[in-house]
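# Geometric and topological summary
Chain by chain, the residues:
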Amino acid sequence: MEDGFSSYSSLYDTSSLLQFCNDDSASAASSMEVTDRIASLEQRVQMQEDEIQLLKSALADVVRRLNASEEQQAMGSRRGPTKARPMIATLPLRPTVNNGTILPKKGSGTLPSPSGSGSRKDNSTPANKRFLYLPLSTVRRANSNEHVGTLTRKDSGDKGNRTRAGSTGSNSSGKRSDSKQRDPVFNAGMRRVTHCKEEGYVKMYLKGRPITMFMPKDQVDSYCLEAKADLPSNKLKLDWVYGYRGRDCRSNLYLLPTGETVYFIASVVVLFNVDEQLQRHYTGHTDDIKCLAVHPDKITIATGQVAGTSSDGKQLAPHVRVWDSVSLNTLHVLGTGFFDRALVCLAFSKSNGGNTLCVVDDSNDHVLSVWDWQREDRLAEVKCSNESVFAADFHPTDCNVIVTCGKSHLYFWSLEKGMLIKKQGLFEKQEKPKFVLCVTFAENGDAITGDSSGNILVWGKGTNRISHVIQGAHEGSIFALSTLRNGTLVSGGKDRRLVCWDSSYQQIQTVEVPELFGPIRTIAEGRGETVLIGTTKNFVLQGSLDGEFMPITQGHTDELWGLAVHPWKPQFLTCGYDRQVCLWDSSSHQLIWTKSMEDSAQSAGFHPSGAVVAIGTQTGRWLVLDTDSKDLVTVHTDGNEQLSVMSYGPDGNFLAIGSHDNYIYIYAVAENGRKYSRVGKCSGHSSFITHLDWSVDSQYLVSNSGDYEILYWIPSVCKQVVSVETTRDIEWATYTCALGFQVFGLWPDGSDGTDINAVCRTNDKSLLVTGDDFGKVHLFSYPCSQFRAPSHAYGGHSSHVTNVTFLHDDSYLVSTGGKDMSVMQWRIV
């Protein structure tokens, strides 16, 4: 415990507080001026508030550690009933709102999970007892069950341009045809399934196209289409999130007094304790998070998300969620139905105990609104600007003053009698910049702005005029400003320089961040002398102004598709349109190596020996890298279109490459994956190749295509196999094909055939997982050969889930997001 308190003491300088406590200069007997005495009192009050804050944070950390310890004990004795103390019961009683996760059935004796991985199983305490202290009148939104098959997502790019069919929902039961047809027929939206017992096949229709799937001989007599499939007994728990959103978001990086760094990517807020290498996750959001603010109590956090679109085309409203960073419980949901498009700026007030929250949305008028967030009451609203708004913040000593800045503007707002009164910043002789990009405040209350001209401007407290100019503080735009506890101003920008300024705005020191990490997007104060930096290349760096900066979090910077797992190590590889290939260690959560490529990458596959990995690109070129040294082994080109699949046979003697030119290219492989000679190409598909799987004996190959064909091949001679009796009983080494008898139950009602991007089966053949266009990961039982099979659904991604795969020992699942650029690691529990 002493170690815990020592870590907090480094956040605050208590010696100055003692000095103030023993100082009577602010008393009536003092010879100081009244204004100086008031200023001295304000400073003393602030010091005392910091001390109270330190104690609150210490208590919060103790609670977090206790619960983490209990969770580990519960995991250790998972087979027996656990008696874990409810986390929320140890905290101040606040009204909570369920985060929108799946609620258990009545009588199950479990709490609804408030936040995915931040919650814990408890089989011993009845749910009704656990909720006794929650005031029902304060719950603003009804909890709702999430129905598999009615998932929501607004996609950008190619994925989002398709018109989706309305889903009928998982409550609509399949009805038998009343005609005299011998086989049962199910109709569901755009999908129809029939079963022919005599021939031993199931026929499914996607977009009117029939897909015939033959079952193994031993199931022909016993199979029943109407039988109900079971939910898997296993579940997924979010274990680790790789990546950070710095490319297009600002002010989204903070250090909490508990030692956790808080930031977001996709629809997950990550609380990362760097010292202990532990992550917790708030998963209450349903779509991209764009902004984040930390309350002065350093425990309460507000985050804002974009609007989404459900699978049936309905708009999902953007909103702000206010939540507790210790329990991960949602406290309030603000602005559903009020905000438009997205939220771009959030800030808590500083001087009135953080009772108010200012929000700017992404509507055409960029509406600025002020909220009493505890009452969920909107106090004022005003059209802020027709142009982009980049920052909004309350004045530190006046909760009625807000400063906003953005393209071609800087506004000082006063909240008076429910109205927001605007004063425009007057640049006068100073050339008006195209963009005012960031704002912070000096100790004396002056506002300080950084702009696209590389200048830092100081605005006198209570005025809208410039009192000081630092001309050419940076080369190019200044993206971030931060005032440290000791009064030092730190600026960072496009030139990758971090510059410190004293109270008279003289440069003290400067440090340049390496080009690899990219321009500085946001700056946050760390412990002691350390500083945290978020960059536009999605790195989070930690270091001091005297030394070097090291990455604590990093990720991809463009759409992500390629994913492959090492055949016998706890490692996986990702690659994407940012032309980066990254090898990760799933145990330490560290990047092992990264390599830049000439082309955007689309797919990847490891050789069974693990010695090499093949990477497919968008241009038809593919290359093989040494897994240990990342050296280039060989380069080949097949066609000029993207290579969607790179798959080695289980014996390592062949490589199959699925291309968008409708061909499967086959290469003979020798010398442990270091020598390649082309065998030929499998020709027969009438659309692009989407998935490939090898048989256990490496003699056969099965492929799916964009027009829902299932074809079988003998790859050694590039011949198609048309005999049903030959193919129906083949045992497959992997199952990544989305079409086939063992997996057809994974298709949701009303699917257009492109909704499922990736499929993977566990090596023990008990579970099946899918990644879909609606940002969801679904866990099914395997085989999944019953119509409308039930699944556990998991959010976290905010874009189409492009790939999913289990690690070699089935201990974890890895999923990749497309436009959200995130990599998520899930523990199977």
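Residues numbered from 1 in each chain as written. Predicted model: local features only at pLDDT ≥ 70, side-chain atom pairs only at ≥ 80, totals over all residues. Heavy atoms only, no water.

Counting secondary structure elements, the protein chain contains five helices and 58 strands. Residue burial in the protein chain is summarised as follows: out of 829 residues, 57% are buried. Contacts in the protein chain between residues at least 24 apart in sequence constitute 50% of all its contacts with a sequence separation of at least 6. Of the roughly 34,500 Å² of accessible surface on the protein chain, 48% is carried by carbon and sulfur atoms. (Helix = DSSP H or I, 4+ residues; strand = E, 2+ residues; numbered from the N terminus. Buried < 20%, exposed > 50% of the residue type's maximum accessible area, 1.4 Å probe, protein only. Contact = heavy atoms within 4.5 Å. Areas by Shrake-Rupley, 256 points an atom, 1.4 Å probe, with all protein chains shown as cover.)

The next thing to look at is the pattern of salt bridges. Taken as a whole and judged by the stated rule, the model has 26 salt bridges. A salt bridge links Lys407 to Glu387, with the nearest nitrogen and oxygen atoms 3.9 Å apart. Taken together, the positions of Lys407 in the loop between β21 (401–406) and β22 (409–416) and Glu387 in the loop between β19 (377–383) and β20 (389–394) put the pair 20 residues apart, joining distant regions of the chain. You can call Lys407 partly exposed: its relative accessible area is 27%. Residue classification places Glu387 among the partly exposed positions, given a relative accessible area of 34%. Asp638 serves as the salt-bridge partner of Arg678, at 2.7 Å between the closest nitrogen and oxygen. Linking Arg678 in strand β47 (residues 675–682) with Asp638 in the loop between β43 (632–637) and β44 (643–648), this pair joins segments that are 40 residues apart in sequence. For Arg678, a relative accessible area of 43% translates into the label partly exposed. (Salt bridge = Lys/Arg side-chain N within 4 Å of Asp/Glu carboxyl O.)

Where a strand is regular, its side chains alternate between the two sheet faces. Sheet topology places strand β33 (residues 530–535) next to strand β34 (residues 540–544); five bridges connect them, and they run antiparallel. By the bridge assignment, Val531 is partnered in β34 with Gly543. Between β33 and β34, which pair antiparallel one after the other, the connecting turn spans four residues, and Asn538 there sits at a positive phi close to 65°. Here four bridges tie β34 to strand β35 (residues 549–553), and the two strands are oriented antiparallel to one another. Along β35, the bridge assignment pairs Leu541 with Pro551. Between β34 and β35, which pair antiparallel in sequence order, lie four residues. (Pairing = 2+ DSSP bridges.)

For the rest of this paragraph, the subject is the packing of aromatic side chains. All told, the structure shown has 26 aromatic pairs when counted by the stated rule. With centroids separated by 5.3 Å and ring planes inclined at 70°, the aromatic side chains of Phe338 and Phe339 adopt a geometry described as edge-to-face. For Phe339, a relative accessible area of 6% corresponds to the buried category. Seen from their ring centres, Tyr735 and Tyr782 are 6.1 Å apart, and the 55° between their planes marks the pair as tilted. With Tyr735 in the loop between α5 (724–727) and β52 (756–761) and Tyr782 in the loop between β54 (777–781) and β55 (792–794), this pair connects stretches of sequence that are 47 residues apart. (Phe/Tyr/Trp six-rings, centres within 6.5 Å; stacked < 30°, edge-to-face > 60°.)

We now examine the sheet that holds strand β15 (residues 330–334). Across a sheet, paired strands are connected by hydrogen bonds in the backbone, their directions being either parallel or antiparallel. Ordered by their spatial adjacency, four strands build an open sheet running β10-β11-β14-β15, and the pairing between neighbours is antiparallel. Looking at the sheet topology across the chains shown, the edges are occupied by β10 (289–294) and β15. Strand-to-strand twist across the sheet, computed as the mean angle between neighbouring axes with direction ignored, equals 20°. Sheet topology places strand β14 (residues 320–324) next to β15; four bridges connect them, and they run antiparallel. Opposite Val322, over in β15, you have His332 as the bridge partner. (Axes fitted to C-alpha atoms, helices over the stretch in contact; angles between N-to-C directions.)

In terms of nonpolar packing, the biggest core is built from 42 residues, with Leu236, Phe572, Val769, Leu813 and Trp826 touching the most fellow members. In terms of residue count, the dominant contributor to this core is strand β5 (residues 236–242) (five residues). In terms of nonpolar packing, the next biggest core, distinct from the first, is built from 32 residues, Cys737, Phe741, Trp747 and Leu768 among them. (Core = buried A, V, L, I, M, F, W, Y, C linked by side-chain atoms within 4.5 Å.)

With that settled, the discussion passes to unusual backbone geometry. Between Tyr782 and the following residue, Pro783, the backbone shows a cis peptide bond with an omega angle of 0°. You can see Pro783 is positioned in the loop between β54 and β55. Positive phi outside glycine occurs at Lys207, with the angle close to 50°. For Lys207, the position within the fold is in the loop between β3 (201–206) and β4 (209–214).

Quick look at the side chain of Asp297 now. Mapped onto the elements, Asp297 comes out in the loop between β10 and β11 (300–305). A polar side-chain atom of Asp297 sits 2.8 Å from the main-chain amide nitrogen of Ile299. There is a polar contact of 2.9 Å between the side chain of Asp297 and the backbone nitrogen of Thr300. (Polar contact = N/O pair within 3.5 Å; in protein donor to acceptor, adjacent residues only side chain to side chain.)

Another point: the side chain of Asn252. Along the chain, Asn252 falls in the loop between β5 and β6 (254–255). Asn252 gets classed as buried once you look at its relative accessible area, which sits at 0%. Side chain to side chain, Asn252 and Tyr244 meet in a polar contact 2.7 Å long. Sequence-distant contacts of Asn252, that is, excluding residues within four places in its chain, are made with Tyr244, Arg245, Val262, Tyr263, Phe264 and Thr522.

Here we come to the sheet that holds β52. With respect to topology, four strands assemble into an open sheet ordered β52-β53-β54-β55, the strand pairing being antiparallel. Two strands close off the open sheet at either side, each with one partner strand: β52 and β55. Within this sheet the neighbouring strands show an average axis-to-axis angle of 20°, counted without direction. In terms of strand pairing, β54 meets β55 through three bridges, oriented antiparallel. Looking at β55, one finds that Leu779 is bridged to His792.

If you trace the backbone, Arg788 turns up in the loop between β54 and β55. The spatial distance from the C-alpha of Arg788 to the C-alpha of Phe744 is 8.7 Å, given a sequence separation of 44 residues. One polar contact links Arg788 to Asp749, side chain to side chain, over a distance of 3.1 Å.

A few words now on the state of the cysteines. In this structure the tally under the stated criterion is zero disulfides. With no disulfide of its own, Cys384 has Cys345 as its nearest cysteine by sulfur position, at a separation of 8.2 Å. (Disulfide = S-S within 2.5 Å.)

A few words now on the confidence of the model for the protein chain. Of all residues in the protein chain, 81% have pLDDT values of 70 or greater, and the mean over the chain is 85. Contacts from residues 78–182, a stretch scored under 50 in pLDDT, to residues over four places away or in other chains number 191 contacts. (pLDDT = per-residue confidence, 0-100.)

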